[in-house]
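# A structural walkthrough
Spelled out from the first residue to the last, the chains are:
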Amino acid sequence: MSDHVAPDFEELPGDPPPTPVVHYAEQALLGALLLAPERLKTIGLLEPRHFANAAHSALFAAMRTLSPPAPEAHRASPVWPNQLLAAAQHRAKALTAAYLHTLISVCPTDAHAPAYAQIVRSGHARRVLRRHADLLAQAARAPGPDPAEAVLTRSDELAAFLNELVTAFPSHAGSMPRAPESPTPTFEASAEAEDDERMLLATATAHPGELLQMRWLHEGDFTNPLHAALFSSLTALVRRGAPVDPITLVWEAQQRGLLRDRPGPAQILDLLAHPAGAAVHWGQRVLQGALLRQAIAVASRIAALSADEATSVHQLAIGSRRSLSALSAVRGRWHQATSTLPGTPPPRRPAVLQLPPVTRPAARASPGTRTPARPRR
């Protein structure tokens, strides 16, 4: 039997994850404010919701509510900790006097309270950004009557928060550019997405003129590589002004080398044999799917960035903005696809029915009243 003992710093299977640095910063900040309540004026804008620990949040809320004692009274007796404990225990029942002593003991120096507060703000910003990313991914995955609109709303909220971060956490001289690798999520093509793509190809082949209105749809919006290759061939035929039908499309795809290791001509002709509806409608559905997938990819990249503790909040905001720009590009094409097409006349207003002028009947003469005789000519 081996007598080897793992060192303390080695993580063993099943061990809980290490406590984040932000937790110790919260403790150090609260300890500093217990030692020197006048430091509350030096820590800048900080709110109880910025704390990750519920007991810490309750204690800081009490600090912001109660008035600190005079310096002489504070040095003479523990009136300040006692007042805080009584006020905070209404929200945090487990908070004890012993824990307040622990907070004081782990604070290196109360003079560094502003630095501890900035770390607390940074931890809160990272958590909120992760929450925005989760909401964006949830909107893209959740079924609803208008998933694209829900995604765009969450995207706007995320962009506004990133603007706040860039202002609140500017770069400094020691911050180095950092772009950690983030995983690219893989998507399994759903049966609904594949059906939309097949219907688009069949309908656009039958009515190729509609493709001229669909420059907002790109080959990369397709989930099936074969469908993307056929769409590329179809758009090439239309832009050249060449004849378009299922035979010419399959020939074009073959000439472009897009049918190697793919289904044979018979299967492709069968795929194109059942057009229905309008190609623009199916194109919009394909583009909406691409928008939702891009939103999930952006959320995944931002979540990976926020999980990297070595990335500063400023770097995190810049990297998240860069990721969000990929969604903005698809968003611009989505607006083109769903807006009124150029040259399309605006809807007519209902015609106003023109009634003839009302002719009032001549007033009747009352009984006993003589009607004046008409003058003779």
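Residues numbered from 1 in each chain as written. Predicted model: local features only at pLDDT ≥ 70, side-chain atom pairs only at ≥ 80, totals over all residues. Heavy atoms only, no water.

What follows deals with the overall build of the protein. Along the backbone of the protein there are 13 helices and zero strands. Listed N to C, the secondary structure of the protein is α-α-α-α-α-α-α-α-α-α-α-α-α in terms of helices and strands. Buried positions account for 38% of the 377 residues belonging to the protein. Here the analysis covers contacts within the protein between residues at least 6 apart in sequence; of these, 74% occur between residues at least 24 apart. Accessible surface computed for the protein: about 23,100 Å², of which carbon and sulfur atoms make up 57%. (Helix = DSSP H or I, 4+ residues; strand = E, 2+ residues; numbered from the N terminus. Buried < 20%, exposed > 50% of the residue type's maximum accessible area, 1.4 Å probe, protein only. Contact = heavy atoms within 4.5 Å. Areas by Shrake-Rupley, 256 points an atom, 1.4 Å probe, with all protein chains shown as cover.)

This part covers the pattern of salt bridges. Under the counting rule described, the total for this entry stands at 13 salt bridges. Among the ionic contacts, a cluster of salt bridges with common partners joins Glu-192, Asp-196 and Arg-285. (Salt bridge = Lys/Arg side-chain N within 4 Å of Asp/Glu carboxyl O.)

Grouped together as the largest cluster of nonpolar side chains are 59 residues, with contacts concentrated most on Leu-136, Leu-165, Leu-200, Met-214 and Leu-217. Within the residue set of this core, elements represented by two or more residues are α6 (113-141), α7 (147-168), α8 (191-206), α9 (225-240), α10 (246-255), α11 (265-271), α12 (279-307) and α13 (313-338). Top element by residues in this core is α12. It accounts for 13 residues. Not counting residues within four places of it along the chain, the set of residues in contact with Leu-200 comprises Met-214, Leu-217, Phe-222, Ala-279, Trp-282, Gly-283 and Val-286. In this structure, Ala-28, Ala-58, Phe-60 and Leu-95 belong to the second largest nonpolar core, which totals 27 residues. (Core = buried A, V, L, I, M, F, W, Y, C linked by side-chain atoms within 4.5 Å.)

Attention shifts here to α10. For α10, every residue scored as buried is listed here: Leu-249, Val-250, Glu-252 and Ala-253. The buried side chains of α10 occupy one side of the element, clustering within an arc of 160° when seen end-on. Summarising the geometry of α10, the exposed residues directed more than 90 degrees from the buried face are Ile-247 and Trp-251. If you follow the buried residues of α10, they end up packed against α8, α9 and α11. Backbone nitrogen of Ile-247 and a side-chain oxygen of the N-cap are separated by 2.9 Å at the start of α10; the cap is Asp-245. (Arc of directions from axis to C-beta. Polar contact = N/O pair within 3.5 Å; in protein donor to acceptor, adjacent residues only side chain to side chain.)

Attention now goes to the packing of α7 against α12. Where α7 contacts α12, the two axes come as close as 10 Å, and the packing angle between them is 35°. When the axes of α7 and α12 are compared, the crossing they make is left-handed. Note on element contacts: α12 touches α7 through Gln-288, Leu-291, Leu-292, Ala-295 and Ile-302, opposite Pro-147, Ala-148, Val-151, Leu-152 and Leu-158. Residue composition of the contact of α7 with α12, by class: nine nonpolar, one polar and no charged. (Axes fitted to C-alpha atoms, helices over the stretch in contact; angles between N-to-C directions. Left-handed = near helix turned anticlockwise from the far one by under 90°. Nonpolar A, V, L, I, M, F, W, Y, C, P; charged D, E, K, R; others polar.)

Residues Trp-80, Pro-81, Leu-84, Leu-85 and Ala-88 constitute the buried set of helix α4 (residues 79-88). Along the axis of α4, the buried positions cluster into a sector of 130°, meaning they face one direction only. The inward-facing, buried residues of α4 contact α1 (21-35), α2 (54-65), α3 (71-76) and α5 (97-105).

Before going further, it helps to spend a moment on the packing of aromatic side chains. Under the criterion given, the structure shown has two aromatic pairs. Summarising the aromatic geometry, the rings of Phe-51 and Phe-60 are spaced 5.0 Å apart at their centres and angled 35° between planes, so their arrangement reads as tilted. Both residues of the pair, Phe-51 and Phe-60, belong to the buried class. When the centroid spacing of 5.0 Å and the interplanar angle of 40° are considered together, the rings of Phe-222 and Phe-231 count as tilted. Comparing Phe-222 with Phe-231, the two get one shared label, buried. (Phe/Tyr/Trp six-rings, centres within 6.5 Å; stacked < 30°, edge-to-face > 60°.)

Bringing the environment of Pro-81 into the picture now. Position of Pro-81 among the secondary structure elements: in helix α4. Judged by relative accessible area, Pro-81 falls into the buried class, the value being 16%. The spacing of Pro-81 and Leu-34 is 47 residues in sequence and 6.5 Å in space, taken between C-alpha atoms. Not counting residues within four places of it along the chain, the set of residues in contact with Pro-81 comprises Leu-34 and Leu-100.

This paragraph deals with the packing of α8 against α9. As a packed pair, α8 and α9 sit with axes 10 Å apart at the nearest point and diverge in direction by 20°. As judged from the angle between their axes, α8 and α9 are roughly parallel. Here α8 and α9 pass one another in a crossing that is left-handed. Only His-227, Leu-230, Phe-231 and Leu-234 of α9 make contact with α8, whose side of the interface consists of Glu-194, Glu-197, Arg-198, Leu-201, Ala-204 and Thr-205. (Parallel < 35°, antiparallel > 145°, perpendicular 65-115°, else oblique.)

We now examine the environment of Ala-32. Among the structural elements, Ala-32 can be located in helix α1. Separated by 84 residues in sequence, Ala-32 and Tyr-116 have C-alpha atoms that sit 9.2 Å apart. Look past the residues within four positions of Ala-32 in its chain and what remains in contact with it is Cys-107, Asp-110 and Ala-113.

For the rest of this paragraph, the subject is the confidence of the model for the protein. When the pLDDT values of the protein are averaged, the result is 84; 81% of them are 70 or greater. Under a pLDDT of 50 for its full length, residues 1-9 has, in the predicted model, one contact with residues more than four places off or in other chains. For residues 341-377, every residue scores under 50 in pLDDT, and the model assigns this stretch two contacts once sequence neighbours within four places are set aside. (pLDDT = per-residue confidence, 0-100.)

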